[in-house]
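Listed below are the residues making up each chain.
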Amino acid sequence: MAVFTALQLDDIGQWITQFPLGKPLALKGIASGIENSNFFLNTERGEYVLTIFENLSFEQLPFYLQLMRHLADRGVLVPAPIPNAEGELVTALQGKPAAIVSKLDGSSQMAPQAVHCAAVGAMLAKMHLAAQDFPLQQPNLRGLDWWNTTTPLVLPHLDDARAHLLRAEIHFQDAFAACATYKALPRGPVHADLFRNNVMFDGEQLTGFFDFYFAGCDTWLFDVAVTVNDWCVDLDTGVLDTARVRALLDAYHAVRPFTQEEQTAWQPMLRAAALRFWLSRLYDYYQPRAAEMLTPHDPTHFERILRERIATPAPELF
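In this convention, every chain numbers its residues from 1, walking through the sequence in written order. The model is predicted, so local features are restricted to residues of pLDDT at least 70 and side-chain atom pairs to those at 80 or more, both for listing and for counting; the totals for chains, interfaces and linings are taken over all residues. To obtain the side-chain values, all non-hydrogen atoms of the structure were used and water was disregarded.

**Some points on the nonpolar core**
Nonpolar side chains in soluble globular proteins generally cluster together in the buried interior.
Here's step 1: In terms of nonpolar packing, the biggest core is built from 84 residues, with Phe-209, Val-228 and Trp-266 touching the most fellow members.
Here's step 2: In this text, helices come from DSSP runs of H or I with a minimum length of four residues, and strands from runs of E with a minimum of two, each type numbered from the N-terminal end. In terms of residue count, helix H8 (residues 260–286) provides more of this core than any other element does, 12 residues in total.
Here's step 3: Here, residues are in contact when the closest pair of their heavy atoms is within 4.5 Å. Apart from residues lying up to four places away in sequence, Phe-209 is in contact with Leu-77, Val-78, Pro-79, Leu-104, Val-120, Met-123, Leu-124, Met-127, Leu-194, Asn-198 and Val-199.
Here's step 4: What is meant by a nonpolar core is a set of buried Ala, Val, Leu, Ile, Met, Phe, Trp, Tyr and Cys residues, joined one to another through side-chain atoms within 4.5 Å. Any residue under 20% of the maximum accessible area for its type is buried, any over 50% is exposed, and the rest in between are partly exposed; the area is computed with a 1.4 Å probe on protein chains only. Residues Phe-19, Leu-41, Tyr-48 and Ile-52 belong to the second largest nonpolar core, which totals 16 residues.

Below is the structure:
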């Protein structure tokens, strides 16, 4: 992702000796994203991804890394964290938490077709089921509480129309989260950020999900809504492509059938997923942090999606 902590190959020479990876051969910063410092790492043993965590603490990180290990052990295609000689998945590098994970094959599919969306839907359902018995608990740190805390920080930067939309949607989502339908939704660990650039494909073959560092315990339906709002939209308008939506939802439903409560909650949840990313992009845009190779995402993309979800019902779950 973005590089906040600059590293050269010489900086990790001693640090990497605690891992069974041999001599480091190359280190290259990864420019996409905005949360952590990520690097492609080549060693005598293969290709990996090194992450320095800029916001998450040593105490929080076991949830993410152990979740990835749990999923990998159950056949879900995710990067496998590499333990050091002491069995630790998180260690200090330049005073910050750091981890190494295996590098997935393939590349991101940035112009997905229905076949790609079906593969994502099926694997997402498999991931939800595989994580049901994961023992650690952590809330979605970018959930409703964060929305309510962050809204006052960005409102002063918005014109009247956008401020009205944000206030109204926060009010709507607060009420939705308090209703009986919401409380009955199935839940567990979710990825919560399954965008096109966080999935790898080799042709039409899905090779893995990665970047689990927004994961947390939330409704499974929220995870589906986040995914549909990225994989199944026209990027210029935010309008959903019905064929891609149908492919993703049908493939998911075939693995883990949706409930009637999820059907009822589907339209509000698509709005919740759009709000979450509109709000985080507003925050990143108006409260920027210094980083090499960082360009904040345009908030207006998810503003368009939110307005479109309010105005136009999406295809039903089933």
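**A look at the pattern of salt bridges**
Here's step 1: By definition here, a salt bridge exists when the distance from a side-chain nitrogen of Lys or Arg to a carboxyl oxygen of Asp or Glu is within 4 Å. A full pass over the atoms with the stated rule returns 11 salt bridges.
Here's step 2: For Arg-256, the salt bridge identified is with Glu-262, shortest N-O distance 2.8 Å. Take Arg-256 and Glu-262: they sit in the same class, and that class is buried.

**Considerations on the packing of aromatic side chains**
Here the distance between the centres and the angle between the planes together describe a pair of aromatic rings.
Here's step 1: Planes of paired rings set the category: under 30 degrees apart is stacked, over 60 is edge-to-face and the rest tilted, where pairs are Phe, Tyr or Trp rings (Trp by its six-membered ring) whose centres lie within 6.5 Å. Throughout the structure, instances matching the rule amount to 13 aromatic pairs.
Here's step 2: For the ring pair Phe-53 and Tyr-213, a centre distance of 4.7 Å and an interplane angle of 75° mean the geometry is edge-to-face. Placement of Phe-53 in the loop between strand E3 (46–52) and helix H1 (61–73) and of Tyr-213 in the loop between strand E8 (205–209) and strand E9 (216–219) is noted, with a sequence separation of 160 residues between them.
Here's step 3: In this structure Tyr-213 comes out as buried when scored by relative accessible area, which is 10%.
Here's step 4: Considering the side-chain rings of Phe-195 and Phe-302, the 5.8 Å spacing of their centres and the 45° angle between planes classify their relative orientation as tilted. One end of the pair, Phe-195, is in the loop between strand E6 (187–190) and strand E7 (199–202); the other, Phe-302, is in helix H9 (residues 300–311), and 107 residues separate them in sequence.
Here's step 5: You can call Phe-302 buried: its relative accessible area is 2%.
Here's step 6: Site record: aromatic cluster; members linked through ring pairs are Phe-53, Phe-63, Tyr-64, Phe-134 and Tyr-213.
Here's step 7: The ring of Trp-146 has Arg-142 sitting right over it, with the charged end atom 4.2 Å from the ring centre.
Here's step 8: The ring of Phe-277 has Arg-276 lying over it, and the distance from NZ or CZ to the ring centre is 3.9 Å. Charge over a ring is defined by NZ of Lys or CZ of Arg lying within 6 Å of the ring centre and within 35 degrees of the ring normal.

**Focus: the packing of helix H4 (residues 160–177) against H8**
Here's step 1: Remark: H4 packs on H8, axes separated minimally by 10 Å, with the N-to-C direction vectors making an angle of 135°. Here H4 is positioned oblique relative to H8, judged by the angle of their axes. Between H4 and H8 lies a crossing whose hand is left-handed. Taken together, the residues of H8 that come into contact with H4 (itself represented by Arg-162, Leu-165, Leu-166, Glu-169, Ile-170, Phe-172, Gln-173 and Phe-176) are Ala-265, Pro-268, Met-269, Arg-271, Ala-272, Leu-275, Trp-278, Leu-279, Leu-282 and Tyr-286.
Here's step 2: Under the scheme applied, nonpolar residues are Ala, Val, Leu, Ile, Met, Phe, Trp, Tyr, Cys and Pro; charged residues are Asp, Glu, Lys and Arg; polar residues are all the others, including Gly. In terms of residue class, the contact of H4 with H8 is made up of 14 nonpolar, one polar and three charged. Fitting a line to C-alpha atoms yields each axis, with helices limited to the stretch in contact; the angle taken between N-to-C directions then spans 0 to 180 degrees. Working rule for angles: under 35 degrees goes down as roughly parallel, over 145 as roughly antiparallel, 65 to 115 as roughly perpendicular, anything else as oblique. Working rule for handedness: look at the near helix, and if it is turned counterclockwise from the far one by less than a right angle, call the crossing left-handed; if clockwise, right-handed.

**Structural notes on H4**
Here's step 1: Between the first and last C-alpha of H4 there are 26 Å, a value that for 18 residues agrees with the 26 Å anticipated at 1.5 Å per step.
Here's step 2: Looking only at H4, the buried set comprises Arg-162, Ala-163, Leu-165, Leu-166, Glu-169, Ile-170, Gln-173, Phe-176 and Ala-177. For H4, the buried positions fall inside an angular range of 160° around the axis, keeping them on one side. Opposite the packed face of H4, turned more than 90 degrees from it, sit the exposed residues Asp-160, His-164, Arg-167 and His-171.
Here's step 3: On the buried face of H4, the contacting elements are helix H3 (144–154), helix H5 (180–183), H8 and H9. The span expected for a helix works out to 1.5 Å for each residue beyond the first. Arc definition: directions from the helix axis to the C-beta atoms.

**Here's the deal with the sheet that holds strand E5 (residues 96–102)**
Here's step 1: The five strands are arranged E1-E2-E3-E5-E4 in an open sheet whose pairing can be described as antiparallel. Edge positions in the open sheet fall to strand E1 (24–29) and strand E4 (91–93), since each of these has one partner strand only. Ignoring which end each strand starts from, the neighbouring axes of this sheet average 35° apart.
Here's step 2: Note on pairing: two strands pair once DSSP finds at least 2 bridges between them. Two elements, strand E2 (residues 37–43) and E3, share seven bridges in a ladder whose sense is antiparallel. The residue bridging Asn-42 from the neighbouring strand is Glu-47, located in E3.

Bear in mind that shape data such as this cannot, by itself, settle questions of function.
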